[in-house]
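# Structural overview
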Amino acid sequence: MHELPITESILKVVLRHAEGQNVRKVVTIRLQIGRLSDLEDEWIQRYFDYLSEGTIAQGAQLKIERTPVMMRCSACSASYEVEAARIGDLVCPACGEGGGTLLSGREYYIKEMEVQ
Amino acid sequence: MGDAIRLIEVKEEILSDNIKQADEVRDRLRKTKTMLLNLMSSPGSGKTSLILRTVEGLKGAVKLGVIEADIDSTVDAEKVAAGGVPAIQLRTGGFCHLDATMVTQGIDAMAVDELDLVIVENVGNLVCPAEFDTGAHKNVMILSIPEGDDKPLKYPLMFSICDLLLVNKIDYLPLSDFDMAALKKRVLVLNPRITILEISCKTGAGVERWIDWLKEEVDAFGRDEGGV
């Protein structure tokens, strides 16, 4: 739903990192986004294509790696992966208790970019 | 050589600008001992009714200000200001969430150093506001009975970032198949440290406990200048 402001931020960070690096063109941008976010990959790319027009990032491919939702059980400390859509109804596969802390799944991170 | 592909390590949060701005807001309000509370919910779950109850409940005890972000309407701010509380209406123009820059505009327009508490009424939406740090010291959400007990399954992020969940419109419980135990279980799986209070802004049931929670939080914030 909020792909546009997110995409604006991605472009801003990318252009800032490209500055002074003698970059003619940004080819690929690798992102790490947690599965808990509702971002649609297709829309991020479409907005990016639109926003980056006329910049060195025009035409860059966004490669999005989705981080799984991982929880650590508060009863037995086991960590386990959770399907985002069933998150509130899951129990720890090791001990059967519900409840825990979120280890990953909320990431919103730009890892690296390939440039020419 | 100039056309060879090179790798540049970025290693940066996508929303780094907003996170920085949010930290600035938190620090600034820590200095004036003003606690900032971000109130989130779906449209129609009772944010404005809750604020009106809160204006009444805190009268004489806590100096309150309100920042409203309801889409392009001044109705809410007018209602709040009628209760004698300073209120700022942000023009979000159809934006789906508030960010720390918009909140900064709100607190710039207010004499925050004279206030103990500022409540930000976020845009009615359970998705986007959960992703954008507003600079608040406390995050509170409202879920109303007619919305259903399955909402934590659909919007897990929102439930996982809040300090307090207010379950509003409990006067509808006898008419509905809402399962309170199931809701609480789902919420606590996501967020074991959350406090859950059941209220009805219409009848006033449970509102006193919300007011007490607020007073305690504002007191604690003022004592240690929010140094959490």
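What this report covers is the structure whose coordinates are included nearby. Treat the numbers as computed from the prediction; the structure is a model and nothing was measured.

Conventions we followed
Residues numbered from 1 in each chain as written. Chains lettered and ligands numbered in written order. Predicted model: local features only at pLDDT ≥ 70, side-chain atom pairs only at ≥ 80, totals over all residues. Heavy atoms only, no water. Pairing = 2+ DSSP bridges. Helix = DSSP H or I, 4+ residues; strand = E, 2+ residues; numbered from the N terminus. Axes fitted to C-alpha atoms, helices over the stretch in contact; angles between N-to-C directions. Contact = heavy atoms within 4.5 Å. Buried area = accessible area lost by both parts, 1.4 Å probe. Salt bridge = Lys/Arg side-chain N within 4 Å of Asp/Glu carboxyl O. Buried < 20%, exposed > 50% of the residue type's maximum accessible area, 1.4 Å probe, protein only. 1 Å grid on protein atoms, 1.4 Å probe; cavity = no way out; pocket = protein on both sides within 12 Å on 5 of 7 lines; lining within 4 Å. Points joined across faces, edges and corners; volume = space filled by probe spheres on them. Nonpolar A, V, L, I, M, F, W, Y, C, P; charged D, E, K, R; others polar. Disulfide = S-S within 2.5 Å. Expected span 1.5 Å × (residues − 1). Arc of directions from axis to C-beta.

### Some words on the sheet that holds strand S5 (residues 100-104) of chain A
Residue and element names in this part refer to chain A. As summarised here, the arrangement of the three strands in space is S4-S3-S5, forming an open sheet in which the pairing is antiparallel. The open sheet terminates on both sides in strands that have one partner only, identified here as strand S4 (79-82) and S5. On average, each strand axis in the sheet is tilted by 35° relative to the strand beside it, whichever way the strands run. Note: strand S3 (residues 69-73) against S4, four bridges, orientation antiparallel. Bridge pairing in S4 places Met70 opposite Glu81.

### A short note on the interface of chain B and chain A
Across the contact, 35 residues belong to chain B and 40 residues belong to chain A. Between chain B and chain A, roughly 3,500 Å² of surface is buried when both sides are summed, and carbon and sulfur atoms account for 59% of that area. On the surface where chain B and chain A come into contact, there are three salt bridges. Two residues, Asp17(B) and Lys12(A), come together in a salt bridge whose shortest N-O distance is 2.9 Å. If you list the elements that add at least two residues to the side of chain B that touches chain A, you get strand S1 (6-13), helix H1 (16-31), helix H5 (151-154), helix H6 (156-161) and helix H7 (180-190) of chain B.

### Some remarks on the pattern of salt bridges
Tallied over the entire structure, the rule returns 20 salt bridges over all chains. The closest approach of N and O atoms between Arg66(A) and Asp41(A), which form a salt bridge, is 2.6 Å. Here the residue Arg66(A) occupies a position in strand S2 (residues 61-67), and Asp41(A) occupies one in helix H2 (residues 41-51), the gap between them amounting to 25 residues. Among the ionic pairs, Lys11(B) bridges to Glu9(B), the shortest N-O distance being 3.4 Å. The pair Lys11(B) / Glu9(B) is uniform in exposure class, with both members exposed.

### A few points about the environment of Ile51(B)
Residue and element names in this part refer to chain B. When you line up the elements, Ile51 lands in helix H2 (residues 47-58). For Ile51, a relative accessible area of 0% corresponds to the buried category. In this structure the C-alpha to C-alpha distance between Ile51 and Pro129, which are 78 residues apart in sequence, comes to 18 Å. Those residues in contact with Ile51 that lie beyond four places of it in its chain are Leu39, Val66, Glu68, Val80, Ile119 and Glu121.

### Details of empty space enclosed by the protein
Under the defined criterion, the tally for this structure stands at two cavities of 30 Å³ or more. In this structure, the largest cavity spans a volume of roughly 50 Å³. Ranked by residue count, the leading element in the lining of the largest cavity is H6(B), at three residues. For the lining of the largest cavity, a count of residues per class yields eight nonpolar, no polar and two charged. In this model, the second largest cavity occupies a volume close to 30 Å³. Along the walls of the second largest cavity sit Gly34(A), Leu36(A), Ser37(A), Gly105(A), Arg106(A), Glu107(A), Glu131(B) and Leu157(B), which together make up its complete lining.

### A short note on the state of the cysteines
Disulfides are covalent bonds that connect the sulfur atoms of two cysteines. In the structure shown here, the tally under the stated rule is zero disulfides over all chains. Left without a disulfide partner, Cys95(A) is nearest to the cysteine sulfur of Cys73(A), which lies 3.7 Å away.

### Focus: helix H8 (residues 207-223) of chain B
Residue and element names in this part refer to chain B. If you check H8, its first and last C-alpha atoms are 24 Å apart, about what 17 residues at 1.5 Å a residue would give, namely 24 Å. Listed as buried for H8 are Val207, Trp210, Ile211, Trp213, Leu214, Val218 and Phe221. When H8 is viewed along its axis, its buried side chains cluster within an angular range of 160° and face the same direction. Exposed residues pointing more than 90 degrees away from the buried face of H8 are listed as Glu208, Glu216 and Arg223.

### Focus: the layout of surface pockets
There is about 440 Å³ of room inside the largest pocket. Arg106(A), Ala130(B), Glu131(B), Phe132(B) and Asp133(B) are the residues nearest the centre of the largest pocket, which is lined by 21 residues in total. Every element with two or more residues in the lining of the largest pocket is listed here: H1, strand S2 (35-41) and H6 of chain B. In terms of residue count, H1(B) provides more of the lining of the largest pocket than any other element does, three residues in total. Partitioning the lining of the largest pocket into residue classes produces nine nonpolar, five polar and seven charged. In this model, the second largest pocket occupies a volume close to 270 Å³. Lining the second largest pocket are 16 residues, with Ser9(A), Lys12(A), Asp17(B), Asn18(B) and Asp99(B) sitting closest to its centre. Of the residues assigned to the lining of the second largest pocket, the class counts are six nonpolar, six polar and four charged.

Nothing here speaks to function; it is geometry throughout.
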